[in-house]
Amino acid sequence: MKVLVPVKRVIDYNIKPRVKADGSGVETAGVKMSMNPFDEIAVEEAVRLKEKGVVSEIIAVSIGEAKAQDTLRTAMAMGADRSILVETDVVTEPLAVAKVLKALVEKEKPDLVILGKQAIDDDMNATGQMLAGLLDRPQATFASKVDVADGAVTVTREIDGGAQTIKLALPAIITADLRLNEPRYASLPNIMKARKKPMEKITPADLGVDMTPRLSVISVAEPPERKAGIKLDSAAELVSRLRNEAKVI
Amino acid sequence: MSETTRETMEFDVVIVGGGPSGLAAAIRLRQVAPDASVCLIEKGSEIGAHILSGAVIEPRALEELLPHWREEGAPLNTPVTEEQMLYLTRKGSLEVPFLDRVMPHMSNHGNYITSLGDLCRWLAGRAEELGVEIYPGFAGAEVLVDDGGRVIGVATGDMGVGRDGQPGDNYAPGMELRAKYTLFAEGCRGSLTKQVTAMYNLRKGVDPQTYGLGIKELWEIPKEMHRPGLVQHSFGWPLDDRTYGGAWMYHFGDNLVSYGFVVGLDYPNTWLSPFDEMQRVKLHPAFRPYFEGGRRIAYGARALSEGGIQSIPRLTFPGGALIGDTAGFLNVPKIKGTHTAMKSGMLAAEAVAEALATNRAEPGSYTRRVRDSWLWPELRGVRNIRPAFAKFGMKGGALYSGIDAMLLRGRAPWTLHTRHADNEVLEPASISPKIDYPKPDGKITFDRLSSVFLSSTNHEEDQPVHLKVRNMSLWKTVNWDVFRAPESRYCPAGVYEVADEATDPKLQINAQNCVHCKTCDIKDPTQNIDWATPEGAGGPNYPGGM
Amino acid sequence: MTVLVFLDHEGGVIRQASRSAIAAANRLGDVDVLVTGPDAAAAAKSAAAIPGVKKVLQVTDTTGSSELAEPVAALLAQLADGYTHILATSSATAKNVLPRAAALLDVQPIPDIVAINDADTFVRPIYAGSALATVKSADAKKVITVRASSFEPVAAEGGNAVIEDVALPAGPGGSTFVSTELSKSERPELESARVVVSGGNGMQNEENFKLLEPLADRLGAAIGASRAAVDKGFVSNEYQVGQTGKIVAPELYIAMGISGAIQHLAGMKDSKVIVAVNKDPEAPIFQVADYGIVGDLFTILPQLEAELDKAG
Ligand SMILES: Cc1cc2nc3c(=O)[nH]c(=O)nc-3n(C[C@H](O)[C@H](O)[C@H](O)COP(=O)(O)OP(=O)(O)OC[C@H]3O[C@@H](n4cnc5c(N)ncnc54)[C@H](O)[C@@H]3O)c2cc1C
Ligand SMILES: Cc1cc2nc3c(=O)[nH]c(=O)nc-3n(C[C@H](O)[C@H](O)[C@H](O)COP(=O)(O)OP(=O)(O)OC[C@H]3O[C@@H](n4cnc5c(N)ncnc54)[C@H](O)[C@@H]3O)c2cc1C
Ligand SMILES: Cc1cc2nc3c(=O)[nH]c(=O)nc-3n(C[C@H](O)[C@H](O)[C@H](O)COP(=O)(O)OP(=O)(O)OC[C@H]3O[C@@H](n4cnc5c(N)ncnc54)[C@H](O)[C@@H]3O)c2cc1C
Ligand code: SF4
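Residues numbered from 1 in each chain as written. Chains lettered and ligands numbered in written order. Predicted model: local features only at pLDDT ≥ 70, side-chain atom pairs only at ≥ 80, totals over all residues. Heavy atoms only, no water.

Once that is clear, we can look at the overall build of chain C. Per the secondary structure count, chain C includes nine helices and 18 strands. A compact globule built from 312 residues should have a C-alpha radius of gyration of about 20 Å, and chain C, at 22 Å, falls within 12% of that. Along the first, second and third principal axes, the C-alpha set of chain C runs to 60 × 40 × 40 Å. When each of the 312 residues of chain C is scored for burial, the buried share is 55%. Within chain C, residue pairs in contact and separated by at least 24 positions form 63% of the contacts whose partners lie at least 6 positions apart. (Helix = DSSP H or I, 4+ residues; strand = E, 2+ residues; numbered from the N terminus. Rg over C-alpha atoms; globule rule 2.2 N^0.38 Å. Buried < 20%, exposed > 50% of the residue type's maximum accessible area, 1.4 Å probe, protein only. Contact = heavy atoms within 4.5 Å.)

In structure tokens form, the structure reads like this:
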């Protein structure tokens, strides 16, 4: 069985993003970029399924600038077999990304698409659900456990206050949550080998997808700084304020 | 972690370190030996992530390496237009007149202000175009030597080893990168360089290396205050006459200012805190106006070699060579080491190409090439200036350097020597005057932790501590009892803290904060701290512009 | 303009966070709401009592289908005709369903809004709250989730809306509900807790750290820690809050003996109310705390418990 794993290139998890002085966005020039951490988990899950013998081929795909090649190389160093770069300089919105992915799904016919639950740049948490909607296929978001057997996949999902288990007929869409697994390192020997794995380059136009964003960014600003509050003299006063003023207890 | 589980890859040349020296060597190699396979590893998460410099750059070596650098878009965009050398008193400042005559080495005509990290990112692109394989995120952790005593490459560190030293679930063993020649381009105080230096006794007969610590902030300042091309240096306040150092401020790019402070690590006062010196100089009237209304973008620190030509070790050994600042090729009075690092890398590359062709074990012609190039006279000409500061103090040193420049023109028939290593000159806490530093105001001055935050430093938490204290009991009897924990002050990242100070003082090491400046490896009074490479990709992530 | 709000409820009780979504919807137009699930009838009754709600659509379903994204998204898409905006609070349920519904409508969703500028323009955090983006939607319909902490919830009582039944369409059928296990742990999870009590270096040791438990019990709070507390072994590292630990944004965050280093603040500064107890009046935590007490935490801790017992 075949798995498609979309991976996004984002500002590295360790970097504190800096809003540009002119408010037009967040500075990305010269900033370290990496694979979206949730996507590493998605790749890892696919690789584990392959190691278990459930999956035969893993295709990584990224939609973005030419530099997203680095992210695809990382995915291949982790264990993806080949990759597809859908090259565009346009801002990539989940709706458009989902349309690109839909076209690729129709072409590659994977049994599973495993995405990250959310990209840590725009925090949309939408692409997987949207892809499932467009394909009219079952979805299991925020997966913390995945079991594939007999043409179906059983997924434990993280929900508020607990977990839910659902069963999906294949083909299906899954999005990975933090607890699904701990991704492996891309080791140096594997990075070297990944240089030789195939990477296909296409454009959204080749797939007939219009990338024009629906959201336009009016401005991006730093969040207002928190202000120092007041100092209180006693525990009694604190409890009364929390109860009557802040109304949080 | 047995050796048998490690994979091996063979190259003609392996270069350890992706700074200007390593990248220049890689490029030169592929230019002169296009068939040679060249692999470069860098411990930072990407090229440039660990590069910290001023930087006013002399394009001389770049010109020789890539004559079309302008057309190819090298990020040297702000030419130096104006220079000031300021002597600071507590409240005032005097500008040194006729700078180009009194301190000709400080003259910056034809030089550019830039981010050295950005230049390295650009150089890495050229190197890859020429077929160099670059692997950031992997640290050289071990030197490989064959039975005949020849260096045959390096091994990268294991990944996924837990704090307890045991392999974890995602353990990935290191890899052996074998090479006919290995170039160590680790920058100031390289950790593998330290090993090969000991192995081949490379420092025999040369002065001890002496160092400085540079701590830097990158600011974005209001447009009205920005004077692109302005280069300022200061000396005097707040350092005493026995301490070498001063501030720099360079205006460049889009309203960017590179500000920082260098302190000679031969400072005697154990209470001195280079970080707090850097912070308080920002409040001096000569600098403060530039920071008002500005925004601090990044922070970092790095040691630099200040020993000069007297301290350069033997450069080659069977199977390899030292290049750049790890060998000590820095022009100290100029505070410039980029052009010299690049030049040394290029010369080593040419020597290696020759050795490859003739199958010689040691790329010995490197040393001759250095002596025959402009590198040697340049460094020789300034050899007495830094030692004069050590010998005669800041004022005497300044006077000496004026005389040296104007009368002797660098051709003095004598050579001043550095006698003591930096770790030997610290004086006990009991006789050192305490220093009262102002509290950070959160607008212009800051504390260590909020500064480290702006270096985007991180290390995987679950790994062995990479700062190895050889003998913990020495810490109590020497570092604490005699010097009152100087590491808690000189470390610019707050790695060293004293716990339970009042009752039972203990050293607490927050290894995760380390910005890889190497100061503790240099300044610890008994050389009891060993800086080892942590898991690859750990450390600072300096952004573009830094 | 009429707005449809998809409500979350627990066993028929409308969550406060959903009332925040109604507050946001009130700014955009008339409000209808949708409730689903086995207890939909009870939920519809509570929803009808919320002032400002015009109409309640209820889907009573005992098959488990209403736990699945596919039929609920299809229902929302079906109902969308009469509405300009579809809103929900940013819960796991809504995040599962709304983007799928948006895709069916060919709309780009706008998640986690914290402010409404006009009917098309919204403010939302990006990069885990490191920046706020103001975005304008070109879509005819808007599909939006709402950060509850940014909108004062409307009252629970006082209204009288009509209730209508609607039926769940058949989904694509590929998905079946198996089970739900709500976590039985006595303490809520750190990342989703309404109240978090955290301890730092000031707790001194593992033994003393346990002193936070009675306070947390009284508040139904999760327990967190600073890295110093984790490094010294007072608690294990899953308790760590901060840049390299968990990011939390509870309604109430109580920091006991935590200095407030920027790396710690990065994990909790979006909390609605921050309380700090620290013996050092200059500790940076006081710069972000809404309420602070300067003093020895070991004295203040028992006093706090006593006060809570008294009043509660
Ligand atoms: C306010 C705002 C500001 C923006 N600023 C910028 C900007 O400065 N620069 C810019 O480039 N864009 C910008 N964008 C557009 C942004 O790139 C898209 O909104 C974003 O791609 C989609 O959101 P997400 O990645 O959070 O999707 P999510 O739905 O959170 O992503 C979930 C998963 O989908 C998959 N996925 C998503 N995108 C891709 C992709 N491109 N390739 C492969 N897999 C993918 C991954 O598996 C990911 O884990 C901005 C958008 C907004 C709303
Ligand atoms: C504060 C300061 C200001 C300066 N100002 C100027 C200036 O204005 N102009 C100027 O010309 N010069 C300046 N210099 C000097 C200049 O920065 C250095 O001389 C130059 O960077 C040396 O280049 P290098 O390649 O030898 O080493 P570096 O630039 O230090 O690069 C070494 C690289 O090797 C990597 N590395 C180290 N060890 C390992 C390992 N074991 N495995 C893998 N990778 C490793 C490091 O991460 C780093 O990226 C300044 C230096 C400092 C510290
Ligand atoms: C890369 C990096 C990542 C990091 N990630 C994190 C992270 O995710 N989370 C995190 O928390 N930290 C993180 N840190 C560490 C952070 O910088 C601080 O060191 C840490 O938060 C300090 O913890 P603390 O406030 O408990 O300890 P301290 O700073 O030691 O503060 C203890 C406080 O307790 C007070 N106190 C002591 N005794 C009492 C008493 N009896 N009564 C009242 N008050 C008392 C003291 O006045 C002091 O303010 C990170 C650092 C780095 C460099
Ligand atoms: S621990 Fe040593 S190398 Fe690391 S930042 Fe501190 S002084 Fe520099």
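To continue, consider the overall build of chain B. Looking only at helices and strands, chain B features 15 helices and 24 strands. Here chain B has a C-alpha radius of gyration of 22 Å; the compact-globule value for 546 residues is 24 Å, and the two agree. With respect to the principal axes defined by its C-alpha atoms, chain B has extents near 60 × 60 × 45 Å. Split into buried and exposed, the 546 residues of chain B put 65% on the buried side. Long-range contacts, defined here as pairs at least 24 residues apart, represent 77% of the contacts in chain B between residues at least 6 apart. Here chain B displays about 19900 Å² of accessible surface, and carbon together with sulfur accounts for 52% of that area. Here chain B holds 57 positive side-chain charges and 66 negative ones, and the gap between their average locations is 7 Å. (Areas by Shrake-Rupley, 256 points an atom, 1.4 Å probe, with all protein chains shown as cover. Lys, Arg positive; Asp, Glu negative; His and termini not counted. Charge placed at Lys NZ, Arg CZ, Asp CG, Glu CD.)

Now for the side chain of Thr210(B). Mapped onto the elements of the fold, Thr210(B) is located in the loop between helix 5 (191-200) and strand 14 (211-220). Other than its neighbours up to four places away in sequence, Thr210(B) contacts Leu304(B), Ser305(B), Glu306(B), Gly307(B), Arg386(B), Thr418(B) and Asp422(B).

A few words on the domain arrangement of chain B. All names here are of chain B. By domain assignment, chain B separates into domain 1 (3-70 + 115-206 + 313-381), domain 2 (78-113 + 209-307 + 423-531) and domain 3 (385-417). Just the C-alpha atoms count here: the centres of domain 1 and domain 2 sit 27 Å apart. Counting residues at the interface gives 34 residues for domain 1, matched by 37 residues for domain 2. The closest approach of N and O atoms between Lys194 and Asp521, which form a salt bridge, is 2.8 Å. Across the domain 1-domain 2 interface, the total number found is 17 residue pairs in polar contact (both at pLDDT 80 or more). Among the elements of the structure, strand 3 (56-57) and helix 5 are those that each provide at least two residues to the side of domain 1 that touches domain 2. Looking at the side of domain 1 that touches domain 2 residue by residue, the class counts come to 13 nonpolar, 10 polar and 11 charged. (Domains from an automatic or database assignment. Salt bridge = Lys/Arg side-chain N within 4 Å of Asp/Glu carboxyl O. Polar contact = N/O pair within 3.5 Å; in protein donor to acceptor, adjacent residues only side chain to side chain. Nonpolar A, V, L, I, M, F, W, Y, C, P; charged D, E, K, R; others polar.)

This part covers the site of ligand 1. Around ligand 1, a shell composed of 28 residues is seen, among which Lys8(A), Asp39(A), Ile63(A), Thr92(A) and Thr127(A) lie nearest. Chains contributing residues near ligand 1 are chains A and C. Coverage of ligand 1 by the protein chains reaches 89% of its 930 Å² of free accessible surface. Looking at the shell around ligand 1, the elements that each hand over two or more residues are strand 4 (57-64), helix 3 (94-108) and strand 6 (112-116) of chain A together with strand 10 (131-137) of chain C. If one sorts the elements of the shell around ligand 1 by residue count, strand 4 of chain A sits on top with three residues. Taken together, the residues of the shell around ligand 1 break down into 14 nonpolar, seven polar and seven charged. (Near = heavy atom within 4 Å.)

Every contact between the two is made by 29 residues of chain B and, on the other side, 23 residues of chain A. Interface area, chain B with chain A, both sides summed: about 2200 Å², of which 60% is carbon and sulfur. The largest per-residue losses of area from chain B upon contact with chain A belong to Tyr135(B), Asn170(B) and Arg295(B), which jointly make up 25% of the total buried on that side. Our count for the contact surface shared by chain B and chain A stands at two salt bridges. Linking Arg295(B) and Glu222(A) is a salt bridge whose minimum nitrogen-to-oxygen distance equals 3.1 Å. Across the chain B-chain A interface, the total number found is eight residue pairs in polar contact (both at pLDDT 80 or more). Elements with a minimum of two residues in the side of chain B that touches chain A: strand 1 (7-16), helix 4 (116-129), strand 8 (133-136), strand 11 (159-161), strand 12 (167-172), strand 13 (175-184) and strand 18 (295-305) of chain B. Here the residues of the side of chain B that touches chain A are counted per class, giving 12 nonpolar, eight polar and nine charged. (Buried area = accessible area lost by both parts, 1.4 Å probe.)

This part is about helix 3 of chain A. Residues and elements named next belong to chain A. Taking 1.5 Å per residue as the helical rise, helix 3 with its 15 residues ought to reach 21 Å, and the 20 Å between its terminal C-alpha atoms agrees with that figure. Among the 15 residues that make up helix 3, 11 are buried, leaving the element largely enclosed by the rest of the structure. Of all the positions in helix 3, only Pro94, Leu95, Ala96, Val97, Ala98, Val100, Leu101, Ala103, Leu104, Val105 and Glu108 are classed as buried. Taken together, the buried residues of helix 3 touch strand 1 (2-6), strand 4, strand 5 (82-87), strand 6, helix 4 (127-135) and strand 11 (199-202). Positive backbone phi, at 50°, marks Lys109, one or two positions downstream of helix 3. (Expected span 1.5 Å × (residues − 1).)

A contiguous nonpolar patch, built from Leu399(B), Ile403(B), Met406(B) and Leu407(B) and spanning about 410 Å² of accessible area, is present on the exposed surface. Inspection of the secondary structure assignment puts Leu407(B) in helix 11 (residues 385-408). (Patch = residues over 30% accessible without salt bridge, like charges linked within 9 Å, V, L, I, M, F, W, Y side chains within 5 Å.)

Moving on: the interface of chain C and chain A. Taken together, the 78 residues of chain C in the interface contact 73 residues of chain A. Carbon and sulfur atoms supply 55% of the area that chain C and chain A bury against each other, a total of about 6100 Å² over both sides. Broken down residue by residue, the surface that chain C buries against chain A is led by Gln108(C), Tyr127(C) and Tyr291(C), which jointly contribute 13%. Applying the counting rule to chain C against chain A returns five salt bridges.

All names here are of chain B. A sheet is described by the order of its strands in space; here three strands give the open sequence 3-7-4, paired in antiparallel fashion. Every other strand in the sheet has two partners, leaving strand 3 and strand 4 (78-79) as the edge strands with one partner each. Of the strand pairs in this sheet, strand 3 and strand 7 (residues 112-113) are connected by two bridges, and their pairing is antiparallel. Directly across from Val56, in strand 7, lies its bridge partner Ile113. (Pairing = 2+ DSSP bridges.)

Attention shifts here to the sheet that holds strand 16 (residues 245-252) of chain B. Residues and elements named next belong to chain B. Strand order in the open sheet formed by seven strands is 6-5-15-16-17-14-18, with mixed pairing between adjacent strands. Here the strands that pair on one side only, and so sit at the sheet edges, are strand 6 (93-95) and strand 18. Here the strands of the sheet are splayed against their neighbours by 20° on average, with no regard to which way each runs. Against the sheet, helix 11 touches strand 5 (82-88), strand 14, strand 15 (230-236), strand 16 and strand 17 (256-264), its axis set at about 90° to strand 15. (Axes fitted to C-alpha atoms, helices over the stretch in contact; angles between N-to-C directions.)

So, about the packing of aromatic side chains. For any pair of aromatic rings, the description consists of the separation of the ring centres together with the inter-plane angle of the planes. All names here are of chain B. Taken as a whole and judged by the stated rule, the model has 14 aromatic pairs over all chains. In textbook terms, an aromatic cluster arises when at least three aromatic residues are bridged by ring pairs, as seen for Trp219, Tyr259, Phe287, Phe291 and Phe446. It is Arg296 that lies over the ring of Phe446; its NZ or CZ is 3.8 Å from the centre. Positioned above the aromatic ring of Trp531, the side-chain terminus of Lys518 is 4.4 Å from the ring centre. (Phe/Tyr/Trp six-rings, centres within 6.5 Å; stacked < 30°, edge-to-face > 60°. Lys NZ or Arg CZ within 6 Å of the ring centre and 35° of its normal.)

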